[in-house]
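Descriptive analysis of the structure
Each chain is listed here by its residues.
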Amino acid sequence: IELLFHERRLPAAPVVQWLSVGMMTQPLSILGTSLLLARGQYRLLALLAAVIMILITAAAIVGAYYGREAEIARCTGTALFFTNLAIGWVACHELKCGVGYFFRELLPPAFMALPLMGAGAFLVFLTGSWPPLISIISTTAILLAFYGFGIWFLSPRLAKELMARIQLFPAR
């Protein structure tokens, strides 16, 4: 943010960071919501939306009680992270795919990002004295490599499928 914007915009950095944490599990929410819509589960969707709205609003109120923008974003981002998981869980339950499938197939990619966040913070700390563009490029490259290894380690089948798709586009 400080590379692209005036320093008066720096208070927005924690807001962007914490809301990004909440969005890490958004693919589960999108898939779950789409599945429930496709199956005609409108009452269940309405109930989930109401509960999530209450939880997100409560998280924002708690954040506002304890602080300002950063605390509100921290609380709502955390609530978003877990409510998105809950929608995925409900959709998985609707498909009767079981607890094992949810924890084995759906959660590892979402939770793989958590240690990467810590690694990213550490890399930013290490490269903090470097010029911003070099810090961003080096941190991104290392984290992409870690993420690729994580996908290969946690889901070899997915890694093979991704590699096969990449090979469909030969170099020119």
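Preceding this section is the structure that the text describes.
What comes next is a walk through the structure. (Residues numbered from 1 in each chain as written. Predicted model: local features only at pLDDT ≥ 70, side-chain atom pairs only at ≥ 80, totals over all residues. Heavy atoms only, no water.)

To continue, consider the nonpolar core. Within the largest apolar cluster, five residues are counted, these being I52, I56, A59, A79 and I87. When contributions to this core are tallied by element, the ones reaching two or more residues are α3 (42-66) and α4 (69-94). Beyond its immediate stretch of four places on either side in the chain, A59 contacts C75, T76 and A79. (Core = buried A, V, L, I, M, F, W, Y, C linked by side-chain atoms within 4.5 Å. Buried < 20%, exposed > 50% of the residue type's maximum accessible area, 1.4 Å probe, protein only. Helix = DSSP H or I, 4+ residues; strand = E, 2+ residues; numbered from the N terminus. Contact = heavy atoms within 4.5 Å.)

Moving on to the pattern of salt bridges. Taken as a whole and judged by the stated rule, the model has three salt bridges. For R68, the salt bridge is made with E69, and the minimal N-O distance between the two is 3.3 Å. Since its relative accessible area comes to 60%, R68 is described here as exposed. Its relative accessible area of 42% is what places E69 among the partly exposed residues. (Salt bridge = Lys/Arg side-chain N within 4 Å of Asp/Glu carboxyl O.)

Between helix α1 (residues 12-23) and α4, whose axes approach to 7 Å, the crossing angle comes to 10 degrees. When the axes of α1 and α4 are compared, the pair comes out roughly parallel. Contacts between α1 and α4 involve P14, V15, W18, L19, V21 and G22 from the first element and E69, A70, A73, R74, T76, G77, T78, L80, F81 and N84 from the second. (Axes fitted to C-alpha atoms, helices over the stretch in contact; angles between N-to-C directions. Parallel < 35°, antiparallel > 145°, perpendicular 65-115°, else oblique.)

Attention now goes to the side chain of S29. Counting through the fold element by element, S29 comes out in helix α2 (residues 26-38). Apart from the residues lying within four places of it in its own chain, the contact partners of S29 are N84 and I87.

Working note: a packed helix pair is described by the angle between its axes plus the distance between those axes. It is the contact of α2 with α3, at a shortest axis distance of 8 Å, that shows an interaxial angle of 145 degrees. Together, T33, L36 and L37 of α2 and Y42, L44, L45 and L48 of α3 make up the contact between the two elements. Across the contact of α2 with α3, the residue classes tally to six nonpolar, one polar and no charged. (Nonpolar A, V, L, I, M, F, W, Y, C, P; charged D, E, K, R; others polar.)

Geometric values such as these leave the question of function open.
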